[in-house]
Amino acid sequence: MYDPVYLCYAKMSMSIGAYWVLVFLYILLSSGNSILAFSYDYSATTECLKEPQRAQYGGGIIANPEFTHTLEGWNVHGEGTIREGISKNGNRYIIAHGRTQSLDGASQTVQFVEGNLYTFSVWVQINRGSESVAAVLRTAAGELIRVGQVIARDGCWSFLKGGVFANFSGPAELLFQCKNTNVEIWIDNVSLQPFTMEQWRSHQDEIIQKEHKRKVTFQVKFANKTAVKGAVVSIKQTQSSLPFGCGMNHHILESEAYKNWFTSRFKYTTFTNEMKWYSTEIIQGREDYTVADTMVRFAKRHGISIRGHNILWDNPKYQPDWVKNLSPNDLRKAAAKRINSVVSRYAGKLIAWDVMNENLHFSFYEDKLGANASAEYFSRAFQLDPKTGLFMNEFNTIEDRRDEAASPTNYKRRLEQILSYPGNKGILAGIGVQGHFIYGQPDLAYMRASLDILASNGLPIWLTEVSLEAGPNQAEYFEQVLREGHSHPGVEGIIMFAGPEIAGFNATTLADKDFKNTPAGDVVDKLINEWKATTAELTTDSEGSIEVSLFHGDYNITVKDPLSNSSTSWNYNLRKDDKGGNVHILINA
């Protein structure tokens, strides 16, 4: 009974006061031990629509979220005024105008509970042009917390989605920020929905079951097609297909202990520095791929898939020293040589390339070679290695809501510009978000909302360099980040930039100098074991059947005939795009 859909429709048939009594009752009931963990809404869109969609969760704890009751529950913050707007189709919304400061406009005070996660969404429009509009919380202490942002336009509605982990209890004022005070901000269908950490974790488990496992029925029959009752079916996973890996550097070539530590855990990697331009061409004209080539051969021997990192880096600081002061013409020639050299060398040997690193924060190549420089390099990489995924790799898109430059909407807009460049149609494009979290409680609500937005265009997302600064409770916080990434339906893989102390991984160290696990290392091992199938022995029923839920991967299946005690074994492969179903086994054939 007490769910957001019920509440959404309830408000249509009762007074606003009675509606909020019901909401209070719902929150009260949901705050006890018998928590009702209704599903999280992963939907998001970057399309600009003529009419906004309904408020998620019926508005959650927002009063009058769809302005059914004119402006009731809403106030004015700062200067300016608010008024009601009505579309031709009768949709009601609020208009903030006459603003003199960026935060002036509509506001509502909402009560927060420390430790809860809040997902936020709203539809916004401005009356002319296009501007960035952000949702901001102003706490009682005066702290401003950016919840999310979007590029709003005139003539259509844009969807802003964000979130916040509440590290405080008490009231906070919900505000809408636009730096251009000459435009009106139109607001509709606002939602702020709280979740407990327990509810949040239940969503993660639900998605892991849905996205990473399949139910499979094994049916055992004799050669004459009669069912084999009492057959013992042993199911052992020999290889997980989970793309969960770890950064690797040149120290692995010098240490057998490092090699054993890595190969016993991971089948995916990224070289932290060894493929970068400043590593392979320290002196102009003297290319040296010796270290990178040796690491590639090592990875191949052990069945480890490699993400290429990186072809070019837009940060001026990380160019080879001789590149920094080249003329535009000489830079164009040098960059062309670089991309031809490194991509051709490893074509067909990698699962992905980070083509342009940190393109939202820096613009070294664009400043010198023009606005389409990155798009041209994507095009060239595609020509040289058309079957390998090509990524734009960025930091702060999921881990820091304060960074406007790297917001998920800005990321999507930039990648769309690159992919719309002539010749880039057909690129196996991907979204690379680094995930370098500062120390402290990670904002999982903002992280999830950001991934929702990034996933809305259907491209594969990888968390490419996950780390978390050292400090008390680091292992707990690191586990939260990894679980959030693995459980999101849009994320296809995770690479940690973490590892053993001997290799210089100081931010997130997984093993000490003797390769004994740190607490963060214990977390990683625990998750590796949790996210793979354990060996199972099951006995067939009267129909000769067993049903089991399996993680994607490779399996060895052994069936023991209850009559003859003879065994039949074979390999079974369950991939992500498999829908499970029935597997028929004939014995004594």
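The rules we used
- Residues numbered from 1 in each chain as written.
- Predicted model: local features only at pLDDT ≥ 70, side-chain atom pairs only at ≥ 80, totals over all residues.
- Heavy atoms only, no water.
- Helix = DSSP H or I, 4+ residues; strand = E, 2+ residues; numbered from the N terminus.
- Rg over C-alpha atoms; globule rule 2.2 N^0.38 Å.
- Buried < 20%, exposed > 50% of the residue type's maximum accessible area, 1.4 Å probe, protein only.
- Areas by Shrake-Rupley, 256 points an atom, 1.4 Å probe, with all protein chains shown as cover.
- Lys, Arg positive; Asp, Glu negative; His and termini not counted.
- Charge placed at Lys NZ, Arg CZ, Asp CG, Glu CD.
- Expected span 1.5 Å × (residues − 1).
- Contact = heavy atoms within 4.5 Å.
- Disulfide = S-S within 2.5 Å.
- Salt bridge = Lys/Arg side-chain N within 4 Å of Asp/Glu carboxyl O.
- Pairing = 2+ DSSP bridges.
- Phe/Tyr/Trp six-rings, centres within 6.5 Å; stacked < 30°, edge-to-face > 60°.
- Axes fitted to C-alpha atoms, helices over the stretch in contact; angles between N-to-C directions.
- Polar contact = N/O pair within 3.5 Å; in protein donor to acceptor, adjacent residues only side chain to side chain.
- Core = buried A, V, L, I, M, F, W, Y, C linked by side-chain atoms within 4.5 Å.

**Details of the overall build of the chain**
Phase 1: For the chain, the helix and strand inventory stands at 13 helices and 28 strands.
Phase 2: The C-alpha atoms of the chain give 27 Å as radius of gyration, which agrees with the globular expectation for 589 residues (25 Å, within 12%).
Phase 3: Expressed as lengths along the three principal axes of its C-alpha atoms, the size of the chain is roughly 80 × 75 × 45 Å.
Phase 4: Counting all 589 residues of the chain, 55% fall into the buried class.
Phase 5: If you sum the accessible surface of the chain, you get close to 24800 Å²; carbon and sulfur atoms cover 50% of it.
Phase 6: Averaged over its 58 positive side-chain charges, the chain has a centre that lies 6 Å from the centre of its 64 negative ones.

**Some points on helix α13 (residues 519-530)**
Phase 1: For α13, built from twelve residues, the straight-helix expectation of 16 Å at 1.5 Å per residue is met to within 8% by its first-to-last C-alpha distance of 16 Å.
Phase 2: Within the sequence span of α13, burial applies to A520, G521, V523, V524, D525, L527 and I528.
Phase 3: Where α13 is buried, its residues contact β13 (244-248), α12 (474-487), β21 (491-496) and β23 (509-511).

**A short note on the state of the cysteines**
Here is the idea: a disulfide is a covalent bond, and it sits between the sulfur atoms of two cysteines.
Phase 1: For the coordinates displayed, the defined rule picks out one disulfide.
Phase 2: Covalently, C48 is tied to C156 through a disulfide, its sulfur atoms 1.9 Å apart. Looking down the S-S bond of the C48 and C156 bridge, the torsion is 95°, so its handedness is right-handed. One end of the pair, C48, is in the loop between α2 (16-30) and β1 (75-77); the other, C156, is in the loop between β7 (144-153) and β8 (158-165), and 108 residues separate them in sequence.
Phase 3: The partly exposed category is assigned to C48, whose relative accessible area is 22%.
Phase 4: Take C178: it sits in no disulfide, and the sulfur closest to it among the cysteines is that of C48, at 14 Å.

**Some details on the pattern of salt bridges**
Phase 1: One pass over the structure, following the stated rule, counts 22 salt bridges.
Phase 2: Of the charged contacts in the structure, one is a salt bridge between R146 and E404, with a shortest N-O distance of 3.0 Å. Of this pair, R146 sits in strand β7 while E404 sits in the loop between β17 (389-394) and α10 (408-419), placing them 258 residues apart in sequence.
Phase 3: Take E404: its relative accessible area is 26%, and that puts it in the partly exposed class.
Phase 4: A cluster of three or more residues bridged by salt bridges with shared partners is formed by E479, R483, K526 and E530.

**Some words on helix α7 (residues 328-346)**
Phase 1: Under the 1.5 Å per step criterion, the end-to-end length of α7 is 27 Å for 19 residues, consistent within 8% with the ideal 27 Å.
Phase 2: Considered for burial, the residues of α7 that qualify are L331, A334, A335, R338, I339, S341, V342, V343 and Y346.
Phase 3: Against α5 (277-280), α6 (290-301), β15 (305-313), β16 (352-357), α8 (364-369) and α9 (373-384) lie the buried residues of α7.
Phase 4: Of the residues one or two after α7, G348 is the one with positive phi, at around 80°.

**Structural notes on the pairing of strand β2 (residues 81-86)**
Phase 1: In this structure, β2 lies alongside strand β3 (residues 92-97), joined through six bridges in antiparallel fashion. Each bridged residue has a counterpart across the sheet, and for R83 the counterpart in β3 is I95.
Phase 2: Between β2 and the antiparallel strand that follows it, β3, lie five residues; G90 among them carries a positive phi value of about 90°.

**Regarding the packing of aromatic side chains**
Phase 1: For the structure on display, the rule yields 30 aromatic pairs.
Phase 2: Between Y40 and Y42, the ring centres sit 4.6 Å apart and the planes meet at 70°, which makes this aromatic pair edge-to-face.
Phase 3: With 5.6 Å between their ring centres and 75° between their planes, F218 and Y572 make a pair best called edge-to-face. Within this pair, whereas F218 is found in strand β11 (residues 213-222), its partner Y572 is found in strand β27 (residues 567-574), the two being separated by 354 residues in sequence. With respect to burial, F218 and Y572 carry one shared label: buried.

**A closer look at the sheet that holds strand β4 (residues 105-112)**
Phase 1: Ordered by their spatial adjacency, five strands build an open sheet running β1-β4-β9-β6-β7, and the pairing between neighbours is antiparallel. Two strands close off the open sheet at either side, each with one partner strand: β1 and β7. Neighbouring strand axes in the sheet, compared pairwise and without regard to direction, differ in orientation by 35° on average.

**Some details on the side chain of H309**
Phase 1: Along the polypeptide, H309 turns up in strand β15.
Phase 2: Owing to a relative accessible area of 1%, H309 belongs among the buried residues under this scheme.
Phase 3: Within polar-contact distance, the side chain of H309 engages the side chain of D354 at 2.9 Å.

**Examining the nonpolar core**
Phase 1: The biggest cluster of nonpolar side chains holds 117 residues, and the ones touching the most others in it are F218, W353, Y365, Y377, L463, L482 and M496.
Phase 2: By residue number, the principal contributor to this core is α7, which donates seven residues.
Phase 3: Here F218 is in contact with I235, G544, S545, I546, V548, L550, I557, W570, Y572, V583 and I585, once residues within four sequence places are set aside.
Phase 4: One finds A106, I126, F168 and F176 within the second-largest nonpolar core, a separate group that totals 35 residues.

**Regarding the environment of K387**
Phase 1: Its place among the elements puts K387 in the loop between α9 and β17.
Phase 2: Sequence spacing of K387 and I427 is 40 residues, and the spatial spacing of their C-alpha atoms is 8.4 Å.

**Describing the sheet that holds β8**
Phase 1: One open sheet holds the five strands; their spatial order is β2-β3-β10-β5-β8, and the pairing between them is antiparallel. Strands with a single pairing partner mark the edges of an open sheet, and in this sheet they are β2 and β8. Each adjacent strand pair in this sheet contributes to an overall mean axis angle of 35°, direction not counted.
Phase 2: Across the face of the sheet, helix α3 (residues 197-212) comes into contact with β5 (117-126), β8 and β10 (185-195) while running at roughly 95° to β10.
Phase 3: The sheet contacts of helix α11 (residues 444-455) involve β5 and β8, and relative to β8 the element is tilted by about 155°.

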